Amino acid sequence: MTAITRSDVEHLARLARLDLSEEELDHYAGQLDVILQSVARVSEVAADDIPPTSHPIPMENVFREDVARPGLDRDIVAAGAPAWEDDRFRVPRILDEE
Amino acid sequence: MSTVSTDHDTMKYDDVMAVFEPVIGLETHVELGTNSKMFCSCPTAFGAEPNTQVCPVCLGMPGSLPVVNRMAVESTIRMGLALNCSIAPWCRFARKNYFYPDMPKDYQISQYDEPLCFDGYLDVLVDTDDGPRLFRVEIERVHMEEDTGKLTHAGGATGRIHGADYSLVDYNRAGIPLIEIVTKPIAGTGALAPAVAKAYVTELRDLMRSLEVSDVRMEEGSLRCDVNVSLNRPGDEWGTRSETKNVNSLRSVERAVHSEIERQGALLESGGRVIQETRHFHEDTGRSTSGRSKEQAEDYRYFPEPDLVPVAASAEWIEELRGTLPELPSLKRARLQLEWGIGEHELATIVNAGALELVESAVAAGVTPDAARKWWTGELLRVANDREVELADLPVTSAQIRRVEALVADGSLNDKLARQVFDGIISGEGDVDDVIAGRGLAIVSDDSSLIAAIDEALAAQPDVADKIRGGKVQAAGAIVGAVMKATRGQADAAKVRALLLERLGVVE
Amino acid sequence: MAATASAMEGDLTRQNASVLARSIAEGEVSAEEVTQAHLDRIAGVDERVHAFLHVRGDDAIEAARAIDRKRAAGVELGPLAGVPLALKDVLTMKGVPTTCGSRVLEGWRPPYDSTVVERLKAADVVILGKTNMDEFAMGSSTEHSAYGPTRNPWDLERIPGGSGGGSAAALASFEAPLAIGSDTGGSIRQPAAVTGTVGVKPTYGGVSRYGLVALASSLDQAGPCARTVLDTALLHAAIAGHDPRDSTSIDASVPDVVGAARRGDVRGLRVGLVKELSGEGYQAGVSQRFDEAVRILEGLGAEVVEVSCPHFEYALGAYYLILPSEASSNLAKFDGMRYGLRAGDDGRHSVEEVMALTREAGFGAEVKRRIMIGTYALSSGYYDAYYGQAQKVRTLITRDFNAAFEKADVLVSPTAPTTAFKIGDKVDDPIAMYLNDIATIPVNLAGNAAMSLPIGLAPEDGLPVGLQIMAPPMADDRLYLVGSALESALLDTWGHLLIEEVPAL
Ligand SMILES: [Mg+2]
Ligand SMILES: [Zn+2]
C-alpha cells in the first residue's frame, strides 16, 4: 500500500465532512499510515477463492408486511430538531446540488 | 419567466443530425405505490402535512434499523419480469454514502453490484413519417432503493436552491420505496432519439400502471428521469456523455434529449469538447444548466448494507409472481388493434399521444372506437399541447365523450359545436349539458324557425331562389350558407338543405 | 449453585440480583427501598468512580413504586422485578438523555425505547440511569468519553476497561447489581475482566439491536453484565429473543441460559484451549490464573484439549478495517441537521460547512481517526484491498471456529492480555490500545457467544483477571454451564466472590 499523504487526508476529511485543523491533518496522516500498514496483513491470507462474510450469521429474506402505522407526533420530532420552521427542519443554505 | 441563463449555444436539431449520431440512456426512478415505506411502517400518502409521516427509522435516528417491505420487493420482481429481466437468485442491499440534508442517514439504502433484476428489454413503438417503427430498448438493471426528503428553499428571489438563504426539509417522502430502471445505451435511433426516449418512458409508465405497482402520478413527482446523451460522427466511437437530471414529465424527456443534442452538436461543431458532467433540466426553459463535473464527483463508498440480510428469490416465488402479471401493454395493443379494427398507424398515433388508456376507457364507456380515437388524438390532444399539460390531466371523462357523441348522432350537435362543448368543459363551465345550456349551443332543429330563416334568405336573394326553382340545385349552397350564418352555425346544414328544396318544390 | 451474598446481609447494594429479586418478591424489602439504596450509593461514590452520565433519580423511584403497587395488587412479576440496573448510554430510552459518550448527541432525548429497554421495562427491572462509555463505543478504556473517564473501583488510578467501563464500574462499585453493555470487539468482556465482574456477549442476532446506537452493525451485540453468572443469565433471558424490528435478529427460541447457570456442570464437556490466545504478550499473572482455572475445570470433570485457530492472528487487522468502515457510514447521520449538536450555523456558513463544523466539534479524536480509516478503506480503488479482504478473513476465522468446535464444546482463553492499566498510559497509542481486544475480537467477527468471568487477582498487581469462554452461535447456554461450575468452585476455594475483595471506596 502506498503511504497516505496529507492531501489524501484532506480528501478523506472532505468526504467524511470533518473540518479538520492543520495539526489534525498532519497528525492523522501519520497515524492512518501506521494503522493501515498494520492491518494490511489481511491481504496475505485472503485468497481469491475465499468467499467474503458480510453477516456473521447467514440469514435470508427477512421482510415485513406492507402495513402502514402512524409514526411519531410532530411535536416530538420538532422538539429534538436543532432548528425548526414552518413544520419543517430548517437547514443552512445548500451549495452543492445533488 | 426564467431567471436561469443557459450557459451554451445551440445548433439546429436537423443540422446536428446531418453530422452526428446520438446515443442515449435513461435512468428512471419511480415511487412504488405501497401502503408503507420501504424500510419502516410509516404511511406514504401524498400531500400529508409536513413531517407527519415519519418515525425513528425514516428520520435516521440513532439506533433505528430498517426492515424490508415485502410488497416493494415483489413489485420490483414483477416489474423485472414484465421487462423480460433475469431475477437474481440472491442479492443484497448496499449503502450509498454521501452527505445531503434531505437524506436522513447521510447514506441511501440502494443496490449496487447485485441488482434484483437485470438484462431485460422493452419494445417501444414510435410513430414516424414512414409509419410506425419498433425499437427494442435493452434494460441493464432494475433495483430497489429509498426516496429522500423534500427540500423547500427559502429566501432569495427565485425559490431555487441557488441564492436561497436557507432550506426547509420535510421527511415525509424519505424512505418511500423507489424502483430504479436503467437502460443499456440506446444507439441507432438517429433523429428519433427524443421520440424513442419519450416512447420508452411512456411505455414504462403504462407498464407500471397495468402491473399496479405504481399509479405514476407525474404531477406529484413520482417518476423522475435522468437522461444520458452523447454524440458521435458515424463510424466513430461513442462520444462523452452528459447526464441531465431532474427530468420529470414525458414532455420533458423528449425536450431534454432534443436540447442536449442541440447543445452538444453546437459544442462539437465549434471544435469544443463535451465534458462528463451532471446537468440540471429546467422545466420552464426546456434547457439545462451545468451541475457538478465528474472530476469533482462524490465517491459513494458502496458496501453491503449490514443492517439487512440478502434477498433470495426462489424459483417458486418468482413463478408465483409471474402468475400475477396482467396482460402486458404490448400484447394488449395487439389485441386492441384487432378489436377496434384500426391499422398499425392509427394505433401508433394513439400510443404516441399517450391516449391508449383514455381511448380504452371511452370505448368501455360505450363510445365507438373511431369516435374515441378521433377526440383523444385530435381536438383534445391539441388542447393539451396548447395548455402544456399531459393528455390524461385534461378534466374530460369518458361519460362526457359518450354524451357528446350521442348528441351528435341525434343531430343535436355538430362537430363544430361539439368542440365548443369540450372547450367549455375544460374551461370549467360544467358538464356537457351545462355547457350547451350556458353557451346556448343546441342545434336549431325546430322546423318552423328554420323555415322562417329560409324564407328570409330566399327573400333577400330572389335571383338565387329563381335559379334553384329553375333546377340549378347547386345554387342551394348560397341559401344554406345564409341560414347557417343566421343561426350562428347552430343548425344542421343537411336538414336546412332538405327543407329548402322541399319549400321550393324541387326534387333532386 | 448460585452465589449468595454473605458478609453484608444488611446492605442492599451488596446483594446479588437474584437475592434482591427474591427478597422483593417475598415482601422482605420493597423495590423502592432497593432502588433508594442504590441511588444513595451512587450519590456517595460516583463522584469518584464516574460510572454514570445520567442518573434518573425520581423517575427510577417512581418506576420502583409502580412495581411495588403491582406486586401489592397481586400481579405476577418476572424473576428480576424491582431489581435496579445500569444502562450503557448506547441504548435509547424514551425521554432519557442518550449521548453515547459524545458531545455530538449532548442533550438528545430519543423519542423511542430500544427493544432491550422495552424488555427491561416489561420485566419490571428498574433502570437507574445511563453509564459512561468510550465515545460511540470506540475504545478499551472509557478514557475516550467526551464526559471524562470512568475509574476502576479496584484502583481509581486505573481504567475500568472499555468501551463499557461505566457499566462494569457500576457493578464493581456496588452502584447497581445488573448492567447492560454492548460488545463490538470486547466491550462487555474486557471491562468485566478488569473489574472482576461477569459479562456476556450473546450470539450475534440473539439480542435485538433495535435502539442500540450502531458502531459496527455486523459486529455489535448488546448483552448482560452482573456480578454473578446466575444474575447474568437472568438478565440474558430477560433481554434476548427474536425482534421483528431487527432484520438480523435470530428467529429461534433463546437457549436455556438460566437453567444452565443453575446446573453448572462441566462433566464430560470438552474444553478447548486456543493455542493462539496465550503465551507471548500475556501478562504473567494473567497466564498463571488462567492455567489454574483450566486445571479447576479439569478437576471438575471437563476434558481439556488444545485447539489451533491459525487465522486468529489476522483478526485484529480485519477488525480494524471492518469496524471503521461500517462506523464511518453509521456515524454519518451525526451531521447536525435533525438532532443533537449543530455548530457554525451563523447564517453565513453553508450546510456543507455546518455539517463539517458540527462533526469536527462534536466528535473526539478517536472517533475522527476511525471515521478517517473507514472512509479510506471504503473509498473507490481501496474497497477490495481493505474491506473486501477483511470480509474474507472473517470467513477464515469462522472456519477456524468451526474446526475448533468439532474438537471442543467450548473454547477458553484469557479475556484480556493484561490487567487494568493506568489511566493515560495508552491513550495516545492507538495500536497498543487495540491490542487489548486481541482475544475478544475473533468472536465478534464470527458472531459467536462468549463470556468473561473473574478467576482471581494477578499476583504481581492484585488486579482482577478474567477468563473468556467461547461457544458456537446459539449455544449461549454452554457459557453458563461452564461459567457457573467454575464460579462455584472458586467460591468454594475463596469462601466469597472475588468482587467482595474490591477495596472500600
Ligand atoms: Mg438511484
Ligand atoms: Zn418511518
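## Notes on the sheet that holds strand β8 (residues 150-154) of chain B
Sheet strands line up and pair through hydrogen bonds in the backbone, either parallel or antiparallel.
Consideration 1: If you walk across this open sheet you meet the four strands as β2(A)-β3(A)-β9(B)-β8(B), and the pairing is antiparallel. Every other strand in the sheet has two partners, leaving β2 (84-85) of chain A together with β8 of chain B as the edge strands with one partner each.
Consideration 2: Relative to strand β9 (residues 166-170) of chain B, strand β3 (residues 88-92) of chain A runs antiparallel, the two being bridged by four bridges. Its bridge partner being in β9 of chain B, Arg90 of chain A is matched across the sheet by Leu168 of chain B.

## A short note on the environment of Val34 of chain A
All names here are of chain A.
Consideration 1: As for its position among the elements, Val34 is in helix α2 (residues 22-39).
Consideration 2: Overall, the relative accessible area of 45% leaves Val34 in the partly exposed class.
Consideration 3: With 31 residues separating them along the chain, Val34 and Ala3 place their C-alpha atoms 9.1 Å apart.

## Here we look at the coordination of the zinc ion (ligand 2)
Residues and elements named next belong to chain B.
Consideration 1: Every protein donor of the zinc ion (ligand 2) is accounted for by Cys40 (SG), Cys42 (SG), Cys55 (SG) and Cys58 (SG), and the metal-donor separations fall at 2.3 to 2.4 Å.
Consideration 2: Because the angles between the four donor atoms bound to the zinc ion (ligand 2) fall within 99 to 116°, the donor set is best described as tetrahedral.
Consideration 3: Read in sequence order, the donor residues for the zinc ion (ligand 2) give the motif C-x1-C-x12-C-x2-C. Of this pair, Cys40 sits in the loop between β1 (21-31) and β2 (68-69) while Cys58 sits in the loop between β1 and β2, and the two are 18 residues apart along the sequence.

## Focus on the confidence of the model for chain B
Consideration 1: On average, residues of chain B carry a pLDDT of 90, and 96% of them reach 70 or more.
Consideration 2: Counting contacts from residues 1-6 of chain B, a segment whose pLDDT is below 50, to residues more than four positions away or on other chains yields 10 contacts.

## Quick word on helix α11 (residues 351-362) of chain C
Consideration 1: Compared with an ideal rise of 1.5 Å per residue, which puts 12 residues at 16 Å, α11 of chain C spans 16 Å between its outermost C-alpha atoms and is within 8% of the ideal.
Consideration 2: The buried fraction of α11 of chain C amounts to nine of the 12 residues, a majority that puts the element mostly inside the structure.
Consideration 3: Considered for burial, the residues of α11 of chain C that qualify are Val351, Glu352, Val354, Met355, Ala356, Thr358, Arg359, Glu360 and Gly362 of chain C.
Consideration 4: Elements in contact with the buried residues of α11 of chain C: α2 and β3 of chain A together with α12 (365-378) of chain C.

## Describing the interface of chain A and chain C
Consideration 1: The interface is formed by 55 residues belonging to chain A together with 64 residues belonging to chain C.
Consideration 2: Summing the contributions of chain A and of chain C, the shared interface buries around 5,000 Å²; its carbon and sulfur component is 68%.
Consideration 3: Summed over the shared surface of chain A and chain C, the number is two salt bridges.
Consideration 4: Of the charged contacts, one joins Arg41 of chain A and Glu313 of chain C as a salt bridge, the two residues approaching to 2.9 Å between their closest N and O atoms.
Consideration 5: Elements with a minimum of two residues in the side of chain A that touches chain C: α1 (6-15), α2, α3 (42-45), α4 (74-80) and β3 of chain A.
Consideration 6: Here the side of chain A that touches chain C takes 10 residues from α2 of chain A, the largest share from any one element.
Consideration 7: Here the residues of the side of chain A that touches chain C are counted per class, giving 36 nonpolar, 10 polar and nine charged.

Conventions we followed
- Just so you know, the residues in each chain are numbered from 1, in the order the chain's sequence is written.
- In the order they appear in the text, chains get letters beginning with A and ligands get numbers beginning with 1.
- In keeping with the model being predicted, local features are shown solely for residues with a pLDDT of at least 70 and side-chain atom pairs are shown and tallied solely at 80 or more, while totals for entire chains, interfaces and linings include all residues.
- Heavy atoms from the whole structure form the basis of all side-chain values; hydrogens and water molecules are not counted.
- Note on pairing: two strands pair once DSSP finds at least 2 bridges between them.
- Working definition: helices are DSSP H or I runs of at least four residues, strands are E runs of at least two. Numbering for both runs from the N terminus.
- Only protein chains enter the accessibility calculation, which uses a 1.4 Å probe; a residue whose area is less than 20% of its type maximum is buried, one above 50% is exposed, and one in between is partly exposed.
- Because no water is among the atoms considered, metal sites can look incomplete, with donors defined as N, O and S atoms within 2.8 Å of the metal, or 3.2 Å for Na, K and Ca.
- Here a site with four donors is tetrahedral if all angles are between 85 and 135 degrees, and a site with four or six donors is square planar or octahedral if opposite donors are over 155 degrees apart and the other angles are between 65 and 115; anything else gets the irregular label.
- By definition, pLDDT measures how confident the predictor is in each residue, and it falls between 0 and 100.
- It only takes one pair of heavy atoms within 4.5 Å for two residues to be counted as in contact.
- For a helix, the expected span equals 1.5 Å multiplied by the number of residues minus one.
- Accessible-area loss on putting two parts together, using a 1.4 Å probe and summing over both, is the definition of buried area adopted here.
- The salt bridge criterion pairs a side-chain nitrogen of Lys or Arg with a carboxyl oxygen of Asp or Glu, the two atoms within 4 Å.
- The residue classification treats Ala, Val, Leu, Ile, Met, Phe, Trp, Tyr, Cys and Pro as nonpolar and Asp, Glu, Lys and Arg as charged. All others, Gly included, are polar.

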